[in-house]
Amino acid sequence: MKPLATTLALASLLAIPALGAQPGGGISGYVTDLKTGRPVERATILYYRAPYVENVTVLKKLETDKRGFFSDVTLEPGRYILMAQFPGKVMGCAVDDVMDGESARVKIKMGYDSIVCSGPRVHATMVDPNATADVYRI
């Protein structure tokens, strides 16, 4: 009886990591006003998985809540471009390496003339789907 119980116990320990692993990753964060530091309610965040391919890439859309919070935890691993819309402008952040089972934390501070992006593997980026050159961050 003991060998069976030991075998079952070991098998259950091996199964726990498999059950806990989540396919896909995510992004989440906050949008605040650059001047005041206050949360930006109902800010529109557009995002896509890089690279952008005309007529193929689907833009997804999020809206911040009253605390300026946004989240999508159903993403495939990869590099994502987030675009924060401001009246008359679109500015962006790049999130490098969204990984399985992990949510990349992003903080976006929006101003009329600038955007500040912060978080692990997060940086400001040029947002121009019509650009033809590849831009690399070194």
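Look up: the structure comes first, before these words.
Criteria and thresholds
Numbering of residues starts from 1 in every chain and runs along the sequence as written. Side-chain atom pairs in this predicted model are given and counted only at pLDDT of 80 or more, local residue features only at pLDDT of at least 70, and totals for whole chains, interfaces and linings cover all residues. With hydrogens and water excluded, all non-hydrogen atoms of the structure serve as input to the side-chain values. Numbering of helices and strands starts at the N terminus; helices are DSSP runs of H or I of at least 4 residues and strands are runs of E of at least 2. The contact rule is simple, with two residues in contact once any of their heavy atoms fall within 4.5 Å. Whether two strands pair depends on DSSP finding at least two bridges between them. Axis definition: a line fit to C-alpha positions, over the contact stretch in the case of helices; interaxial angles, taken between N-to-C directions, run 0 to 180 degrees. Think of it in three bands: residues with accessible area under 20% of the maximum for their type are buried, residues over 50% are exposed, and the middle band is partly exposed, with areas taken using a 1.4 Å probe on protein chains only. N or O atoms within 3.5 Å of each other form a polar contact, as long as, within protein, one can give a hydrogen and the other can take it, and as long as residues adjacent in sequence are counted only when both atoms are side-chain atoms. A pair of cysteine sulfur atoms is labelled a disulfide when the two atoms are within 2.5 Å.

So, the overall build of the protein
Part 1: Helix and strand counts for the protein come out as 1 helix and 9 strands.
Part 2: Helices (α) and strands (β) of the protein occur, in sequence order from the N terminus, as α-β-β-β-β-β-β-β-β-β.
Part 3: Of all intrachain contacts in the protein linking residues separated by at least 6 positions in sequence, the fraction that spans at least 24 positions is 60%.

A short note on the environment of Lys66
Part 1: Assignment of secondary structure puts Lys66 in the loop between β3 (60-63) and β4 (69-75).
Part 2: Taking C-alpha positions, Lys66 is 7.4 Å from Val40, a pair spaced 26 residues apart along the chain.
Part 3: Contact partners of Lys66, with chain neighbours within four places excluded, come to Pro39 and Glu41.

So, the sheet that holds strand β7 (residues 103-110)
Part 1: Here 4 strands make up an open sheet; going across it, the order is β4-β1-β7-β8 and the pairing mixed. Either end of the sheet is taken by a strand with one partner, and the two such strands are β4 and β8 (115-118). For this sheet, the mean angle separating the axes of adjacent strands, direction not counted, is 20°.
Part 2: The pairing of strand β1 (residues 25-33) with β7 spans 8 bridges and is parallel. Within β7, the position partnered with Val31 by the bridge is Ile108.

Observations concerning the environment of Asp33
Part 1: Secondary-structure assignment places Asp33 in strand β1.
Part 2: Overall, the relative accessible area of 24% leaves Asp33 in the partly exposed class.
Part 3: Between the alpha carbons of Asp33 and Gly111 there is a distance of 6.3 Å; along the sequence they are 78 residues apart.
Part 4: Other than its neighbours up to four places away in sequence, Asp33 contacts Arg38, Val40 and Met110.
Part 5: Only 3.0 Å separates the side chain of Asp33 from the backbone nitrogen of Thr36, close enough to count as a polar contact.

What to know about the state of the cysteines
Part 1: Using the criterion set out here, one finds 1 disulfide in the structure.
Part 2: Each sulfur of the disulfide joining Cys93 and Cys117 lies 1.9 Å from the other. Disulfide Cys93-Cys117: torsion about the S-S bond near -75°, hence left-handed. Here Cys93, found in strand β6 (residues 89-98), pairs with Cys117, found in strand β8; they are 24 residues apart in sequence, far enough to count as distant. In this structure, Cys93 and Cys117 share a single accessibility class: buried.

Just distances and angles here, no functional claims.
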